[in-house]
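# Architecture at a glance
Here's the letter readout for the chains.
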Amino acid sequence: MMAPSSRGDLQMSHVGSDMEEDVRLLDSYDDKDPPTASSRTIQVRVSGMTCAACSNSVEASLLHLPGVFSASVALLQNRADVAFDPRLLKDADITNAIEDAGFEAQVLSEPNSSKPSKDSIITAIEDAGFEASLVQSSEQDKIIFGVAGVLSEIDAQFLEGILSYLKVDGIDEQSSGKFKLQVMNPYSRVTSKDVEETSKMFRLFTSSLFLSIPIFLIRVVCPRIPMVYSVLLWRCGPFLMSDWLKWALVSVVQFVIGKRFYVAAGRALRNGSTNMDVLVALGTTASYIYSVCALLYGAATGFWSPTYFDTSAMLITFVLLGKYLESLAKGKTSDAIKKLVELAPVSALLLVKDKGGRVIGEREIDALLIQPGDALKVLPGAKVPADGVVFWGSSYVNESMVTGESVPVLKEVDSPVIGGTINLHGVLHVQATKVGSDAVLNQIISLVETAQMSKAPIQKFADFIASIFVPAVVALSVITFLGWYIAGAVGAYPDDWLPEKSNHLVFALMFSISVVVIACPCALGLATPTAVMVATGVGASNGVLIKGGDALERAQKVMYVIFDKTGTLTEGKATVTTAKVFNEMPRGDFLKLVASAETSSEHPLAKAILEYARHFHFLDKPSAVVDATCRKESVISGWLYDVDDFSVLPGRGVQCFIHGKKVLVGNRKLMAESGIVIPDNVENFVVALEESAITGILVGYNTELIGVIGVADPLKREAAVVVKGLEKMGVTPVMVTGDNWRTAKAVAKEVGIQDVRAEVMPAGKAEVVRLFQKDGSIVAMVGDGINDSPALAAADVGMAIGAGTDIAIEAADYVLMRNNLEAVIMAIDLSRKTFARIRWNYVFAMAYNVIAIPVAAGAFYPLTKIMLPPWVAGACMALSSVSVVCSSLFLRRYREPRLTTILEITVE
C-alpha cells in the first residue's frame, strides 16, 4: 500500500519553501537509457529463468516489440529493464510479451523511473513566461506501508477511511488494534526474493530426495535383506511389487517435483530457443519412458528387461541439489547490497518544536518517515538516521561503511552527515536534507543494483555459445546413440561389454542420456554476471562505486590515467600565501576589491581569496569552509562592494564592474586579452611564485595591473606514491591543468609525473583525452570539479573523486567516495582481478564441457571400460554451475592492494 508519508495529515505534502535539491548521484546515469523525451523505462521481475539462454530469449522477445528502444535482462537478479515509447506500448504489453515467451512477469515499483528532468520542467515553465525553481521531487511525500490484518475488501475500505483523515501514528489506535502498521523499505525486496527462491529450491530437493531414497534402497540394499526382498518379489497383477513402488515413486518425482523442468523447457521451445531445462527434461523423460516401455513389454511377452527408474529419480534429485547450492551461492554474490540495506537505521529521535522553534520534546519515529527539514537527535553509538547538516553539537562519526575511510570524521555545526553512519561520542542535532531515493545510502544501493544489471561486453561470448549449445548437445546425443547402437548391431564391439541383462539399445541409450544431462550451458552463462556482481559489491564496500560491467571491463585495460591538478592531485583547500599591491591602493581596499569580484565564483581559489580577505577585514579566525550562506551574509553586512555584470571566463578568470570600473582577476591570458600590460617587476614576482608551485593571480583595475595574490594548494600526501604505483602497474600518469606552465611543471616534478599539459581550457581537457585515445589506448580521467565533466565523459573510464561536485559524479563511470588517490589504484586493480577471475570461470566452464561430454559419450570406454551412469552425469552437471559461482565468490576475499607491495618497498 502506498500512502503520503507526512506524519501529520496524510493528505498533506511536506514542502520547504527555501529548500534546494542537489543533483543526485544517479541522475545522469538513469537518463542514459531513454533515447527520446517520450520514452518510459520500467523494471520487470521475471520468474522462471534458469540460464543465459532464458535471459536471451526474454531479451529477444522484448526487442521484437515495436516501440521498445532497449531491453536488458539480468539472469541473476531475475529482472528486466525496458525502455519503450508509451505512445505505442503499455506496461501490460511488456509483461504479456514476457509471459508469451513462457515466463512470469511483474512490473516493479519505479524508484528511478524515466521522467522529464527537473531542468526541462523548469525551462518549460520559464519559456511560458513565468519564474520557476525546484522545491522538492522524487515523490518524497509518499511511502510504502505493510499492513497486517487486511483480510477482505471491507477491511481495505475501512483502512482507506482511516488513512483519509488520520495521522499515521493513529492507525493502530483507531482500528482497535485490528491493523498493524509497518513501514516497508523498498530495498528489502533484494533479500526477501533471494531467501524465497532458495527456500523453494530446498523444498523441491528434499522432497525429491525423500522419494528417491526408497528407489535406491529397492535397487541396491533390499536384495541383501531376504525378508524385505521377498515382499518386493510378490507379483501384484502383471508386475512385481518392487516395480509398482518404483513406478509410483518415480512418477511423483518426474511429473510433480520435476514439473518445473517441463514447464521451463516448454517455455523455451515455444519461443524457439533451448536451455538446460530442455536437456534435463529430455534425459529424464528418455529414461522414464524406456523403463515404462520395458515393464509393459515384459508384461506382454514375458521377457523382462532391466528398468532405469532410479536413473530418472536420482538425476532430478542431483540437478535440484545443484540448483539449491547454486541459489545459495548466487545469494552470496548480493551480500554487499544486503549489508548496505542493513545499514539503514530503523528508527530516529525526532525533536518536537513549538511554533517559536524551541525544542519542547522528542519522540521516536520510524526512520522511513523522516522528511526534509526535520530536526533529529543522534545519541552516541546510534546511527545517523538521515542525510543532513549538524546544527548543534560536535562528535566523531564513523563513515567507513559508506566511504571506506577507516578514520572517524569530526562533525561540527554546519558539517554534512550521511544516513547510516555511526555517531561515536557526543550528541548531535541534525537537520535532515535528503531522504528516500535522494539519500546517499539509497543512491549507492540503486547504483550498485543498476551496475549489476548491466552486461560486460565479454558476456556476448557466453550468450553466443548459449544460443547454439543445447542444439549441438542434442545432436551429439543422437549421434552417440546411433553410433553405439549401430556399432553393436554390426558386431563392432564384443557383447561382453554390455552390462548384465542389458542389450545394445539400452547400452546406447545410457551413453546418449549421459551426454544430454552432463552438458552444462549454465556454467558459461554464470561466468561473467556472478563475478561482476561480486566485484561491484566489493567495490561499494570499499568506497569505489562502479557504474556497470562495461566500465569494469574497460578499466582493466587502462594505459593512461590523466589527473586534474586542483582538488585531485592537490587537497583542493587552497590558502593565500601572499598578497602584494603594486600601486598606492591600501592593502585592505585591495583585498576588499578582489574579494568582491570573487564572491560569486565557485572556484576553490576564489574561496581561498574570499576567506583571506574576510579574515583580514574582521580580524576573525578563518573557518575551514566558506559556503554560499556566508557569502550572502557578507554582502548583506556591507563590507563587500556591490558588483555589476559579473562573468566567469573559463580558463582565464573572472571579470566584473565595481564603481563603474572593470575589475579583472585571473591569469596572464586574461590580462593580455584586456590590453593590460604586465610590468617586468610584476612578471618577475609571479615567476618566482610559480617556480615554488604557488599560483600567481593577477588583479587588474580600470586598465591597470594593481596587484598579485599568491595561492598555494598543497599536494595530497599520497599523490607521489600513487603515481609511482601506477607506473609499476604499467599505467602512464598524465597531469592536465588550466594553471600556468611554471606552476604545473613544479607540481608535476614534486609528484613525479613526466607528461604535463598546462594552460588547458575546460573543453581542451576533453581534447587531451581524445589525443591519447587516437592510437586505441584506453584512457582514464580522474577529476573532481565542474570543469572536469567534459573530460570525464570523453574518457573511456571517468573516475570522480567523491569529495568533488555532483556534476562531476554524474559524468563518471567510477565514483571514488574517499577523497584519496589510492582508490584509483584499487579501481584498476579490482577490475583486473575481476576479469582474471572471469577468464578462469570461462576456462573452467569450457574445459568441463570439452572433457565431460566425450567421457559421457563413452569415447574412452574401449580403454577404461568405465561407463558414466546418467545420474552421476547429472550430479557433475549440477556441481559445475556451483563451482563457477563459488569461483566468483573468491572475489569477496579481495583486499585493497598495499602500495608498499606494489612499489616493492621493504618495511623494516
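Everything discussed here concerns the structure shown above.
Residues numbered from 1 in each chain as written. Predicted model: local features only at pLDDT ≥ 70, side-chain atom pairs only at ≥ 80, totals over all residues. Heavy atoms only, no water.

## Side note on the environment of Glu-690
By secondary structure assignment, the location of Glu-690 is in helix α25 (residues 680–690). Taking the C-alpha atoms as reference points, Glu-690 and Ala-746, 56 residues apart in sequence, are found 7.5 Å from one another. The contact partners of Glu-690, leaving out residues within four places of it in the chain, are Arg-668, Asn-740, Arg-742, Thr-743 and Ala-746. (Helix = DSSP H or I, 4+ residues; strand = E, 2+ residues; numbered from the N terminus. Contact = heavy atoms within 4.5 Å.)

## What to know about the pairing of strand β2 (residues 40–47)
Counted residue by residue, β2 has six buried out of eight residues, so it is predominantly covered. Sheet analysis places β2 next to strand β5 (residues 104–107), joined by four bridges and oriented antiparallel. Pairing of Arg-45 across the sheet is with Gln-106, part of β5. (Buried < 20%, exposed > 50% of the residue type's maximum accessible area, 1.4 Å probe, protein only. Pairing = 2+ DSSP bridges.)

## Some words on empty space enclosed by the protein
One pass over the structure, following the stated rule, counts four cavities of 30 Å³ or more. Its boundaries defined by the atoms lining it, the largest cavity holds a volume of some 190 Å³. Taken together, 18 residues make up the lining of the largest cavity; nearest its centre are Ala-74, Leu-75, Lys-455, Gln-459 and Pro-529. Looking at the lining of the largest cavity, the elements that each hand over two or more residues are α2 (52–63), β3 (68–74), α15 (440–453), α16 (459–489) and α18 (521–541). Top contributing element to the lining of the largest cavity by residue count: α18, with four residues. Class assignment of the residues belonging to the lining of the largest cavity gives a composition of nine nonpolar, seven polar and two charged. In terms of lining, the second largest cavity is formed by Lys-565, Thr-566, Leu-605, Ala-693, Thr-695, Val-711, Ala-712, Asp-713, Thr-743 and Val-747. Going through the elements one at a time, α20 (565–569), β26 (704–712) and α27 (741–751) are the ones with two or more residues in the lining of the second largest cavity. (1 Å grid on protein atoms, 1.4 Å probe; cavity = no way out; pocket = protein on both sides within 12 Å on 5 of 7 lines; lining within 4 Å. Points joined across faces, edges and corners; volume = space filled by probe spheres on them. Nonpolar A, V, L, I, M, F, W, Y, C, P; charged D, E, K, R; others polar.)

## What to know about the packing of aromatic side chains
Under the counting rule described, the total for this entry stands at 18 aromatic pairs. Centroid distance Phe-255 to Tyr-262: 5.8 Å. Interplanar angle 25°. Geometry classified as stacked. For the ring pair Trp-497 and Tyr-861, a centre distance of 5.6 Å and an interplane angle of 75° mean the geometry is edge-to-face. With Trp-497 in the loop between α16 and α17 (504–518) and Tyr-861 in helix α32 (residues 861–864), this pair connects stretches of sequence that are 364 residues apart. In this structure Trp-497 comes out as buried when scored by relative accessible area, which is 17%. The buried category is assigned to Tyr-861, whose relative accessible area is 8%. Put simply, the rings of Trp-484, Tyr-493, Trp-497, Phe-507, Phe-511 and Tyr-861 touch in pairs and so form one group of aromatic residues. (Phe/Tyr/Trp six-rings, centres within 6.5 Å; stacked < 30°, edge-to-face > 60°.)

## Regarding the side chain of His-504
Examined against the element boundaries, His-504 turns out to sit in helix α17. Setting aside residues up to four positions removed in sequence, His-504 forms contacts with Tyr-485, Gly-488, Ala-489, Tyr-493, Asp-495 and Leu-498.

## Some points on the environment of Leu-428
Within the secondary structure layout, Leu-428 lies in strand β18 (residues 428–434). Here Leu-428 falls in the buried class, since its relative accessible area comes to 0%. Sequence-wise, Leu-428 and Leu-379 are 49 residues apart; in three dimensions their C-alpha atoms are separated by 6.8 Å. Here Leu-428 is in contact with Leu-376, Lys-377, Val-378, Val-390, Trp-392, Gly-393, Ser-394, Ser-395, Val-397, Lys-411 and Asn-423, once residues within four sequence places are set aside.

## Quick word on the pattern of salt bridges
The final tally for this structure, using the stated rule, is 19 salt bridges. Between Asp-91 and Arg-40 there is a salt bridge, with the nearest N and O atoms lying 2.7 Å from each other. Separated by 51 residues along the polypeptide, Asp-91 in helix α3 (residues 91–100) and Arg-40 in strand β2 bring together distant segments of the chain. The class for Asp-91 is partly exposed, based on a relative accessible area of 24%. One salt bridge in this structure joins Glu-673 and Arg-652, with 3.0 Å as the shortest N-O distance. (Salt bridge = Lys/Arg side-chain N within 4 Å of Asp/Glu carboxyl O.)

## Re unusual backbone geometry
Despite not being glycine, Asp-414 shows a phi value in the positive range, around 75°. Position of Asp-414 among the secondary structure elements: in the loop between β15 (409–411) and β16 (416–417). Phi at Asn-702 is positive, roughly 55°, even though this residue is not glycine. For Asn-702, the position within the fold is in the loop between β25 (695–701) and β26.

## Re the packing of helix α26 (residues 719–728) against helix α31 (residues 822–856)
Two numbers describe how α26 lies on α31: the axes approach to 9 Å, and their chain directions differ by 20°. One element, α26, and the other, α31, form an angle in the roughly parallel class. Listed contacts from α31 to Val-722, Gly-725 and Leu-726 of α26 are Glu-822, Ile-825 and Ile-828. In the contact of α26 with α31, the residues fall into four nonpolar, one polar and one charged. (Axes fitted to C-alpha atoms, helices over the stretch in contact; angles between N-to-C directions. Parallel < 35°, antiparallel > 145°, perpendicular 65-115°, else oblique.)

## Section: the sheet that holds strand β14 (residues 395–398)
On the basis of which strands lie adjacent, the open sheet formed by three strands has the order β15-β14-β17 and antiparallel pairing. The open sheet has two free edges, formed respectively by β15 and β17 (422–423), since each of these has just one partner strand. Strand direction decides the pairing type here: β14 and β17, joined by two bridges, are antiparallel. Counterpart to Val-397 in the pairing with β17 is Asn-423.

## Examining α31
Taking 1.5 Å of rise per residue, the 35 residues of α31 would be expected to cover 51 Å, and the 50 Å separating its terminal C-alpha atoms lies within 8% of that figure. Just downstream of α31, Gly-858 is the residue with a positive phi angle, here 85°. (Expected span 1.5 Å × (residues − 1).)

## Looking at the side chain of Ser-831
Checked against the element boundaries, Ser-831 lands in helix α31. According to the relative accessible area criterion, Ser-831 is buried, its value standing at 0%. At 2.7 Å, the side chain of Ser-831 forms a polar contact with the backbone oxygen of Ile-828. If we ignore the near neighbours within four places in the chain, the residues touching Ser-831 are Leu-552, Ala-555, Gln-556 and Tyr-814. (Polar contact = N/O pair within 3.5 Å; in protein donor to acceptor, adjacent residues only side chain to side chain.)

## Regarding a nonpolar patch on the surface
There is a patch of nonpolar side chains on the surface, built from Val-478, Leu-482, Tyr-485, Ile-486, Val-490 and Leu-505 and spanning about 540 Å² of accessible area. Ranked by residue count, the leading element in the nonpolar patch is α16, at four residues. Mapped onto the elements, Val-490 comes out in the loop between α16 and α17. We classify Val-490 as exposed; its relative accessible area is 64%. (Patch = residues over 30% accessible without salt bridge, like charges linked within 9 Å, V, L, I, M, F, W, Y side chains within 5 Å. Areas by Shrake-Rupley, 256 points an atom, 1.4 Å probe, with all protein chains shown as cover.)

## Considerations on the sheet that holds β3
Ordered by their spatial adjacency, four strands build an open sheet running β3-β4-β2-β5, and the pairing between neighbours is antiparallel. At either end of the open sheet lies a strand with only one pairing partner, and these are β3 and β5. Strand-to-strand twist in this sheet, taken as the mean axis angle between neighbours without regard to direction, amounts to 25°. Bridge count for β2 against strand β4 (residues 79–84) is six bridges, and the pairing is antiparallel. In the sheet register, Val-44 faces β4, and the bridge partner there is Ala-80. Contacts between α15 and the sheet are confined to β3 and β4, with β4 contributing the most and set at about 90° to the helix.

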